Amino acid sequence: MNIAPELIHIAVALAAIAAFIGLNGLVLVWLERKVAGHIQRRPGPYEVGPWGLLQPVADAVKLVGKQLVRPKVADPWLYWSAPLLSFTPVFLLFLTIPFGPRLIGMEFNLGLLLILAFSGLNVLALCLAGWSSANKYSLLGAARAVAQSIAYEIPLLLAVLAIAFQFGTLNLSTIVHHQGPMPWQWNVMTQPLAFIIYFICAVAETNRAPFDLPEAESELTAGFHTEYSGMAFGLFFLAEYAYIIVISCVATVLFLGGWHGPGAPGFWWFLLKVYALIMVIIWLRWTYPRVRFDQLLNINWKWLLPLALVNLLLTLIFVKM
Amino acid sequence: MEYLAYVAFGIYVLIILTGGLMAVLCRSMVRALVGLILTLFGVAGCYLLMAAPFIALMQILIYVGAVSILILFAIMLTRAPAGAEEAPYIFPWRSIAALAVAFLPLAVIGGMIRSGQVTPLVPPTEVPLAELGQTLIEPYLLAFELISVILTVAMAGAVILGFERRIGK
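What you see is a predicted model; the values in this text were computed from it and never measured.

**Q** I would appreciate a short explanation of empty space enclosed by the protein in the present structure.
**A** Over the atoms rolls a probe the size of a water molecule, and in doing so it shows where empty space is left. Residue and element names in this part refer to chain A. With the rule as written, the count across this model stands at two cavities of 30 Å³ or more. Here the largest cavity defines a volume of roughly 300 Å³. Lining the largest cavity are 21 residues, and of these S119, L156, E205, Y243 and I247 sit closest to its centre. Taken together, the elements giving at least two residues each to the lining of the largest cavity come down to α5 (111-119), α6 (121-132), α7 (136-167), α10 (192-205) and α12 (230-255). Residue contributions to the lining of the largest cavity peak at five residues, all from α7. Across the lining of the largest cavity, the residue classes break down as 13 nonpolar, six polar and two charged. When its volume is computed, the second largest cavity comes out at roughly 110 Å³. For the second largest cavity, the lining is made up of 13 residues, of which N122, L126, F224, F236 and E240 are closest to its centre. Counting only elements with at least two residues in the lining of the second largest cavity, the list comes to α6 and α12. Ranked by the residues each element gives to the lining of the second largest cavity, the list is headed by α12, at five residues. Residues that form the lining of the second largest cavity fall into these classes: six nonpolar, five polar and two charged.

Below, the structure is given as structure tokens:
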């Protein structure tokens, strides 16, 4: 029995993605705590290892060692399936992202759509987690997560659609190939409005501050994951970081020229841009206070959505001219 | 490779049936909804098997990612959280009638297959996205626009209903 080489390629890609997510989880935990520390004029973690580099390992060991507890009245099936449902789609999301000229898990014509479709599952996971915990804070967190992510998904899709219209494709590699090595040849120069809308919506979709209402700790304890302990919480946490990487990767591919760059093109440019975006997201979190819920919805429905529609219309006019 | 398609079809049908049974038999509304979502996933898999990945992904994006989440939202707003949802257990007659109705399409389709000549279909090929769009706005333009009108009417209706209730209070 011979196995198709494509299948082997995908299997290897999935293993590499798993390693990438795990490693990035560790790096981002350290980076986030360190950046937060310096922004707040304190050193951040520095006890465990040089510059606190081993701190995320200690955190991970602590999480793995903790007991998994389920509230007595919680629905057991839904309660335990929610963190798994939040984490597993992440593997699919990375599969069609072109990290380098040849470094891609699977060439797929509808790669962009695949990412958008499967990232929607996270909301479902948050909802199930919030509902099945049988806790009013969890339920409120879940209700907020739904209202927020359904609302912000619309301008996000419209912003992405503008890029798809411009090049007439949903294939991420093709979109990268249409851009050049120099920064002024990137899509962010022709679609600046779409980039800003995409970035704001993406930060809101991942429930990061200043849009972290589903887990606002000062109001809702911890929101939808109040009742989760140990690795069940760890999976939600890892999924959140993975989604941050995914949205940064998609932003890099769509707007910042992907693996193109001055000098030698390659995955190093890609990673550099992704990490720059992640740093901006972390920076935003520790700079701005949380928005109020009415502000959150007003920004979306009164500003982002009309702007995204106007942007789409302008794109259409320019493409057809 | 053909047997792989049969295996995949078997798995998808199993997913659809399990989801369907969950949706019908579960006492808890949220579990029933999870069953529905499972079914929608299985249907998306069947689209994949028919070489229509665009439709499959749209199914997941719209039905799983938006519609079912709105249903979940509605359940969360109307019902007390968790614990078992109380639904009285109805036995015999209704269940039997429901089963009979479920087997009706099987009988109809089975009869058609037995009476007529069934030729195996050619393996489906993927339709390019541009062609799909072209068919939507050329031969099927009227139907396409009518769907938007229906959606607009439904949305306007929902808004009017919401406002009327508020005035009534």
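**Q** Please clarify how the domain arrangement of chain B should be interpreted in this entry.
**A** Interface size is commonly expressed as the accessible surface area that is lost when the partners come together. All names here are of chain B. Taken domain by domain, chain B comprises domain 1 (2-126) and domain 2 (127-169). Between domain 1 and domain 2, the residue contacts involve five residues of the former and four residues of the latter. Both faces considered, domain 1 and domain 2 share a buried interface measuring about 280 Å² in area, 69% of it formed by carbon and sulfur atoms. Between domain 1 and domain 2 we count zero salt bridges in total. Where domain 1 touches domain 2, the interface holds zero residue pairs in polar contact (both at pLDDT 80 or more). Residues that form the side of domain 1 that touches domain 2 fall into these classes: three nonpolar, one polar and one charged.

Rules behind the numbers
- Residues numbered from 1 in each chain as written.
- Chains lettered and ligands numbered in written order.
- Predicted model: local features only at pLDDT ≥ 70, side-chain atom pairs only at ≥ 80, totals over all residues.
- Heavy atoms only, no water.
- 1 Å grid on protein atoms, 1.4 Å probe; cavity = no way out; pocket = protein on both sides within 12 Å on 5 of 7 lines; lining within 4 Å.
- Points joined across faces, edges and corners; volume = space filled by probe spheres on them.
- Helix = DSSP H or I, 4+ residues; strand = E, 2+ residues; numbered from the N terminus.
- Nonpolar A, V, L, I, M, F, W, Y, C, P; charged D, E, K, R; others polar.
- Domains from an automatic or database assignment.
- Contact = heavy atoms within 4.5 Å.
- Buried area = accessible area lost by both parts, 1.4 Å probe.
- Salt bridge = Lys/Arg side-chain N within 4 Å of Asp/Glu carboxyl O.
- Polar contact = N/O pair within 3.5 Å; in protein donor to acceptor, adjacent residues only side chain to side chain.

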